[in-house]
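Reading the structure
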Amino acid sequence: VLYKNTKDDRFVNKTEIMGKLFLIKDRITKYDWVLTSETKNIGVYTCYKATYTRQEERTHMNVENGEVTEKKEKVDVVTTAWYTPAIPVSNGPSNYSGLPGLILEVKEGNRTMICSEIVLNPGEKILIEEPKKGKKVTQAEYTKIMDKKSKEMMEQFKTRKSKGNNVEIQIRG
């Protein structure tokens, strides 16, 4: 469950790791969007393209005949967003925001999120409540916990003796 409070510039993300509930509470990320003049229509809205590039380290592990090899590489990840100034709300799906209009589509790697319905001025008031249950952590603390769990999983695979089976693990930061 993701809750964003744009007025206070913060978010709360309720998530679970291996049966343990966490509340990630932090500031909304500021993206260095590059705005373009490229347009496309999404539904009845004219949308403009914006991109954001970040670098992440990826770890590839390969277990072949009991031998473990690990390779790290840095890759550029490009996020493409399509936003419409016709809806002057600087928000979008997931943690994306910061453009001069509502983000209707986001593509990052092979993951795409598309807005399928917009309801402006609904007849009934919608109550959005902030999640309350879970261990409170910042995004940085949560990332460290995830890294630790990932390393534990890698160590489990390293200690397994393989008999001709190949296993490849990719961890993306």
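Above this text sits the structure in question.
Let us look at the structure shown here. Note that the structure is predicted; figures quoted are calculated from it, not measured. (Residues numbered from 1 in each chain as written. Predicted model: local features only at pLDDT ≥ 70, side-chain atom pairs only at ≥ 80, totals over all residues. Heavy atoms only, no water.)

1. Examining the pairing of strand 7 (residues 102–108)
Here is the rule we go by: The cut-offs for exposure are 20% and 50% of the maximum accessible area for each residue type, with area from a 1.4 Å probe on protein chains only; residues under the lower value are buried, those over the upper are exposed, and the others partly exposed. Helical segments are the DSSP runs of H or I of at least four residues, strand segments are the runs of E of at least two, and each set is numbered from the N terminus. Only strands joined by at least two bridges in the DSSP assignment are considered to pair.
Extensive coverage of strand 7 is indicated by the burial of 6 of its 7 residues. Strand direction decides the pairing type here: strand 6 (residues 67–84) and strand 7, joined by 6 bridges, are antiparallel. Opposite Tyr 83, over in strand 7, you have Ile 103 as the bridge partner. In terms of strand pairing, strand 7 meets strand 8 (residues 111–114) through 4 bridges, oriented antiparallel. The residue bridging Val 106 from the neighbouring strand is Met 113, located in strand 8. Counted along the chain from strand 7 to the antiparallel partner strand 8, the turn is 2 residues long, and its residue Gly 109 has a positive phi close to 65°.

2. A closer look at the pattern of salt bridges
Filter applied, for reference: Salt bridge, as used here: a side-chain nitrogen of Lys or Arg that lies within 4 Å of a carboxyl oxygen of Asp or Glu.
The final tally for this structure, using the stated rule, is 11 salt bridges. Note that Glu 57 is salt-bridged to Lys 72, the shortest N-O span being 3.9 Å. Remark: Lys 72 occurs in strand 6 and Glu 57 occurs in strand 5 (residues 45–64); sequence separation between them is 15 residues. Residues joined by salt bridges that share partners form a network here, namely Asp 8, Arg 10, Lys 25 and Glu 130.

3. A short note on the pairing of strand 4 (residues 34–42)
Here strand 4 runs beside strand 5; their pairing, made up of 6 bridges, is antiparallel. Each bridged residue has a counterpart across the sheet, and for Leu 35 the counterpart in strand 5 is Ala 50. Taken together, strand 4 and the strand that follows it, strand 5, pair antiparallel across an intervening segment of 2 residues, in which Gly 43 is found at a positive phi of about 60°.

4. Digging into the environment of Glu 105
We count it as follows: Note on contacts: a residue pair is in contact if any heavy atoms of the two residues lie within 4.5 Å. Polar contact criterion, stated in full: a pair of N or O atoms within 3.5 Å, where within protein one must be able to donate a hydrogen and the other to accept it, and residues adjacent in sequence count only if both atoms are side-chain atoms.
Secondary-structure assignment places Glu 105 in strand 7. In the structure, Glu 105 is positioned 10 residues away from Cys 115 in sequence and 6.2 Å away in space, judged by C-alpha atoms. Among residues more than four places away in sequence, those in contact with Glu 105 are Lys 40, Ile 42, Thr 80, Ala 81, Trp 82, Thr 112, Met 113 and Ile 114. There is a polar contact of 3.1 Å between the side chain of Glu 105 and the side chain of Lys 40.

Distances and angles like these do not, on their own, reveal function.
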